[in-house]
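Here are the chains, one letter per residue:
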Amino acid sequence: MTAQSPETSESPETPDPKTDDALVSVRGLKVHFPIRGGAFLSRTTGYVYAVDGVDLEIKRGTTLGLVGESGCGKSTLGRAILRLVPVTEGSVWVDGVDVATLKGEDLRRERQNMQMVFQDPLASLNPRQSIETILTEPLREHGIEYNRETRVRELLEKVGLPASAARKYPHEFSGGQRQRIGIARAIAMEPAFVIADEPVSALDVSIQAQVLNLLEELQDDLGLTYLVIAHDLAVVRHVSDEVAVMYLGGIVEHADSDELYNEPMHPYTKALMSAVPVPDPVVEETRERILLTGDLPSPANPPNGCRFHTRCPFRQETRCDTERPELRELRAGHRVACHWAEEIEAGKITAREVTAADAALSFEPQVQVQES
Amino acid sequence: MTVTADFVDSSTPATETTRRGALNDDGTLLSVRDLAVTFGVRGQKEVRAVDEVSFDIRPGEHIGLVGESGSGKSVTSLAIMGLLPKRGVRTSGEVRYNDENILGWPPRKMSGIRGRDIAMVFQDPMTSLNPVVPIGIQITEVLRRHFELSKKDASARAGDLLVRVGIPDPKRRLGEYPHQLSGGMRQRMLIAIALACEPRLLIADEPTTALDVTIQAQILELLKELVADTGAALLMITHDLGVVAGLCDKVNVMYSGRIVESATRRVLFGNPRHPYTGGLLESVPRLDSPRGAPLKPIPGSPTNVLPWTRGCAFAPRCGNAVERCATDPPELRPDGDRELRCHNPLSADQRTEAVTP
């Protein structure tokens, strides 16, 4: 039983899989986790608004990157698309099927088509199963015929591991190799859609590139569609065709990868981009850095109006704290959830500048623009 | 073989901060010479985690120690602080401070320096704060230990410190427990504790790895500011080349327990000569590089090493490896504007390839 949302909205329209080039289409998705309290923990005292009204589309054969800070709901969104957490409201269309309403056997069968690569490769592989068992378990589970001699070798070859790996166990591999096994398991079902949740953040820097390149090769070979969830903007930019930026349960900006990185329009995206350190002293010394003060507010008690207004350096007197901005298409394919995006873009509104001492003493959201 | 800081930017203040204690004879604040740390487990082969590590830290200077997990960077910092376990560990070499070798000092003697002259910020703020002790006590503890302040004075000072690290409403916060704070706040607390006694050297071991990017930017900015205010020197230990690029005067790159390249940051990032440094820079996706430019990964994994006693540890993964690399261990030698441990460094055209994004 899924939790009932305190809010309701109209039922979303049904996309037509024949004409739509989107493989995955998410409409008005909400995932609210009830907070239980009271003497027998049976009373619901509130909700954690982990995902609160998300619309997304992923075109066939492309990669959508989803970035955001920890606690913004990006992993919950990914898990909700695969129905690994209960969906409160909204619909998720994967290859013409509304996954959000499926149950039992139908859902289990639909899962063949969508697979996941997890963050921690050691925790997501059973330590007592050999690699061969790990790779063939999903095939057996779904009753798919396979050639015992060749299938495992084929899979291992695809992810760049020797055939001898089949008889080994997860602990015998390094982190990067384990992640390759996780990827091999995901593609064993020949899915159309793969979600990779932080696929490289647990790996050493020199290994990350190997895994990213592998994901890209597999996409070219197998025509996969990816949703890559990560907190590292550089990684997301590298692998994605389109990027969606998430803040506190909602998408604040969604655009083509190059467009987003060249011209971020939402204040949060701007701050996020300026915060990423670049391994180049010349760039580091010249660029302008927008510092946000404070932390992500609690998703159990999100701010009214724009979720970002408590930390936003561009906040205005009106609208920001009362009205939640819609995701508006300001340019072709570039959607932004900000009331003042045009004015900020035109330079009519500038970021407030505060000294470090003020920032330390006050609860108010402030920004410190500094050039070194 | 030693690394001397004779190519340090002349802009760094080399004369100041004699306000407390003396410097070493050669004008350095802390000087590490041929540090080696060996871990032994009975019945198993010994592991040499750190070997031949030498570097200098001058007053006010920011030094970076970069490497992947297992490269020995954290063990180096623990050895300097005297925090390695007593059993099963052998250390050799020198850590000179105040013209004395503090390596292997007894704990009682070491605790006079630790926290007061040399302080440390750890990676994980949740595990390095005591979860059952209010934050106020954890900050005043270090103040009272070193300055013999009264409880009242100490907590007044702790309040000031919290304001300085950007924590609003210090009175309330001092009575709170670590779990009541967010990750960024906890890291600020740790920095407050580390800077409470205005140390001469702050060792920051991956201080931002557990944090989000926007919080990371806040913390790095704060560290930079506070270190500049107090005139402390900074030893920054990280795996993130981006963090080092914006912060450190000089960078030491470690691989498998030894320093393989050491230079000022502009030289190092503009012109990496060790194949490992170059490989690292090329394999990291950059925010400002054009999309679709393929990453050139370093093949193999960091566990795939040759023992330094036999040859170059990086040789099995190195694209530039020559026959000598597997048989003859390279030495750390001065090479123009840097120190380098390599038989066949990247050539000029390989380097231009590496720097053009």
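Residues numbered from 1 in each chain as written. Chains lettered and ligands numbered in written order. Predicted model: local features only at pLDDT ≥ 70, side-chain atom pairs only at ≥ 80, totals over all residues.

1. Points about the overall build of chain B
Piece 1. Scanning chain B from N- to C-terminus turns up 12 helices and 12 strands.
Piece 2. On C-alpha atoms alone, chain B measures out to a radius of gyration of 21 Å, which is about the 21 Å that the 2.2 N^0.38 rule sets for 357 residues.
Piece 3. Contacts in chain B between residues at least 24 apart in sequence constitute 67% of all its contacts with a sequence separation of at least 6. (Helix = DSSP H or I, 4+ residues; strand = E, 2+ residues; numbered from the N terminus. Rg over C-alpha atoms; globule rule 2.2 N^0.38 Å. Contact = placed C-beta atoms within 7 Å.)

2. Some thoughts on the overall build of chain A
Piece 1. A count of helical and extended segments in chain A gives 12 helices and 14 strands.
Piece 2. The buried share among the 372 residues of chain A stands at 48%.
Piece 3. Within chain A, contacts between residues at least 6 apart in sequence are counted, and of these 64% link residues at least 24 apart. (Buried ≥ 20, exposed ≤ 12 C-beta atoms within 10 Å, placed from the backbone.)

3. Points about the nonpolar core
Piece 1. The biggest cluster of nonpolar side chains holds 202 residues, and the ones touching the most others in it are Val-245 of chain A together with Ile-191, Ala-192, Leu-201, Leu-202 and Met-236 of chain B.
Piece 2. Ranked by the residues each element gives to this core, the list is headed by helix 8 (residues 213-230) of chain B, at nine residues. (Core = buried A, V, L, I, M, F, W, Y, C linked by C-beta atoms within 7 Å.)

4. Digging into the sheet that holds strand 3 (residues 62-66) of chain B
All names here are of chain B.
Piece 1. With mixed pairing, eight strands are arranged side by side in an open sheet as 6-7-8-3-9-10-12-11. Strands at the two margins of the open sheet, each flanked by one partner only, are strand 6 (118-121) and strand 11 (333-335). Taken over all neighbouring pairs, the strand axes of this sheet differ in orientation by 20° on average, direction set aside.
Piece 2. In this structure, strand 6 lies alongside strand 7 (residues 201-205), joined through four bridges in parallel fashion. Across the sheet, Ala-119 pairs through a bridge with Leu-202, a residue of strand 7.
Piece 3. Packing of helix 1 (residues 73-81) onto the sheet brings it into contact with strand 3, strand 6, strand 7, strand 8 (233-238) and strand 9 (250-255), and relative to strand 7 it is tilted by some 145°.
Piece 4. The sheet strands contacting helix 7 (residues 183-195) are strand 6 and strand 7, and the helix crosses strand 6 at an angle near 175°. (Pairing = 2+ DSSP bridges. Axes fitted to C-alpha atoms, helices over the stretch in contact; angles between N-to-C directions.)

5. Topic: helix 3 (residues 131-141) of chain A
Residue and element names in this part refer to chain A.
Piece 1. Here helix 3 has its buried residues at Ile-131, Ile-134, Leu-135, Thr-136 and Leu-139.
Piece 2. Among the structural elements, helix 4 (151-158) and helix 5 (175-187) are those in contact with the buried residues of helix 3.
Piece 3. Positive phi appears at Gly-143, one or two residues downstream of helix 3, with a value of about 65°.

6. Section: the sheet that holds strand 9 (residues 242-247) of chain A
One key point about sheets: their strands pair by backbone hydrogen bonds, in either a parallel or an antiparallel sense.
Residues and elements named next belong to chain A.
Piece 1. On the basis of which strands lie adjacent, the open sheet formed by eight strands has the order 6-7-8-3-9-10-13-12 and mixed pairing. Edge positions in the open sheet fall to strand 6 (114-117) and strand 12 (328-331), since each of these has one partner strand only. Strand-to-strand twist of the sheet, defined as the mean angle between neighbouring strand axes without regard to direction, takes the value 25°.
Piece 2. Summarising the sheet, strand 3 (residues 63-67) and strand 8 (residues 225-230) pair through five bridges and their orientation is parallel. Opposite Gly-65, over in strand 8, you have Val-228 as the bridge partner.
Piece 3. Contacts between helix 9 (residues 267-275) and the sheet are confined to strand 9 and strand 10 (250-256), with strand 9 contributing the most and set at about 105° to the helix.

7. Observations concerning unusual backbone geometry
Trans peptide bonds make up the majority, and among non-glycine residues the majority have a negative phi.
Piece 1. Non-glycine residue Asp-95 of chain A carries a positive phi angle of around 55°.
Piece 2. Within the secondary structure, Asp-95 of chain A sits in the loop between strand 4 (89-94) and strand 5 (97-98).
Piece 3. Notably, Glu-52 of chain B is not glycine yet its phi reads approximately 55°, a positive angle.
Piece 4. With respect to the secondary-structure elements, Glu-52 of chain B resides in strand 2 (residues 47-57).

8. Focus on the interface of chain A and chain B
Piece 1. Residue-level contacts link 43 residues of chain A with 45 residues of chain B.
Piece 2. Only helix 6 (205-222), helix 7 (233-239), helix 8 (257-262), helix 9, helix 10 (281-286), strand 11 (288-292) and helix 12 (356-361) of chain A provide two or more residues apiece to the side of chain A that touches chain B.
Piece 3. For the side of chain A that touches chain B, the leading source of residues is helix 6 of chain A, giving seven residues.
Piece 4. Of the residues in the side of chain A that touches chain B, the class split is 25 nonpolar, 10 polar and eight charged. (Nonpolar A, V, L, I, M, F, W, Y, C, P; charged D, E, K, R; others polar.)

9. Points about the pairing of strand 7 (residues 193-197) of chain A
Residues and elements named next belong to chain A.
Piece 1. Burial runs high along strand 7: five of the five residues are buried.
Piece 2. The alternating pattern of strand 7 places Phe-193, Ile-195 and Asp-197 and Val-194 and Ala-196 on opposite faces, both of which are buried.
Piece 3. In the classification by handedness, the crossover that spans strand 7, the intervening helix 6 and the parallel strand 8 is right-handed. (Right-handed = clockwise from strand over helix to strand, strands pointing away.)

10. A look at helix 4 (residues 135-147) of chain B
Residues and elements named next belong to chain B.
Piece 1. Here helix 4 spans 19 Å end to end across 13 residues, near enough to the 18 Å set by a 1.5 Å rise per residue.
Piece 2. What helix 4 keeps buried is the set Ile-135, Gln-138, Ile-139, Thr-140, Val-142 and Leu-143.
Piece 3. On the buried face of helix 4, the contacting elements are helix 5 (151-164), helix 6 (170-174) and helix 7.
Piece 4. Glu-148 occupies a position one or two residues after helix 4 and carries a positive phi of about 50°. (Expected span 1.5 Å × (residues − 1).)

11. Quick notes on the confidence of the model for chain B
Residues and elements named next belong to chain B.
Piece 1. Of all residues in chain B, 91% attain a pLDDT of 70 or more, and the chain-wide mean is 85.
Piece 2. Under a pLDDT of 50 for its full length, residues 1-19 has, in the predicted model, 41 contacts with residues more than four places off or in other chains.
Piece 3. The complex prediction reports pTM at 0.81, with the ipTM value standing at 0.75. (pLDDT = per-residue confidence, 0-100.)

12. Here we look at the packing of helix 6 of chain A against helix 11 (residues 275-283) of chain B
Piece 1. Close contact between helix 6 of chain A and helix 11 of chain B brings their axes to 9 Å; oriented N to C, the two are set at 45°. The angle between helix 6 of chain A and helix 11 of chain B falls in the class oblique. Viewed along their axes, helix 6 of chain A and helix 11 of chain B form a crossing whose handedness is left-handed. Counting all contacts with helix 6 of chain A, which are made through Val-205, Ser-206 and Ala-209 of chain A, the residues of helix 11 of chain B involved are Gly-279, Leu-280 and Ser-283 of chain B. (Parallel < 35°, antiparallel > 145°, perpendicular 65-115°, else oblique. Left-handed = near helix turned anticlockwise from the far one by under 90°.)

13. Observations concerning the environment of Asn-320 of chain B
Residue and element names in this part refer to chain B.
Piece 1. Looking at the element boundaries, Asn-320 is found in the loop between helix 11 and strand 11.
Piece 2. For the pair Asn-320 and His-274, spaced 46 residues apart in sequence, the C-alpha separation works out to 9.4 Å.
Piece 3. Discounting residues that sit within four places of it in the chain, Asn-320 has contacts with Pro-275, Asn-344 and Leu-346.

14. Here we look at the environment of Ala-163 of chain A
All names here are of chain A.
Piece 1. Among the secondary structure elements, Ala-163 is positioned in the loop between helix 4 and helix 5.
Piece 2. By C-beta crowding, Ala-163 is classed as exposed, having 12 other C-beta atoms within 10 Å.
Piece 3. Ala-163 sits 11 residues away from Val-152 along the chain, and the two C-alpha atoms are 7.9 Å apart.
Piece 4. Apart from residues no more than four positions distant in its own chain, Ala-163 is found in contact with Arg-153 and Leu-156.

15. Description of the pairing of strand 9 of chain B
All names here are of chain B.
Piece 1. A large share of strand 9 lies buried, amounting to six of its six residues.
Piece 2. Neither face of strand 9 is left uncovered, since the one carrying Lys-250, Asn-252 and Met-254 and the one carrying Val-251, Val-253 and Tyr-255 both have all their residues buried.
Piece 3. As paired elements, strand 3 and strand 9 share four bridges and run parallel to each other. Note that in strand 9 the partner of Gly-64 across the bridge is Val-251.
Piece 4. For strand 9 and strand 10 (residues 258-264), the ladder comprises six bridges, and the chain directions are antiparallel. Bridge pairing in strand 10 links Val-253 to Glu-261.
Piece 5. Linking strand 9 to strand 10, which pair antiparallel, is a turn of two residues; within it Ser-256 sits at a positive phi near 50°.

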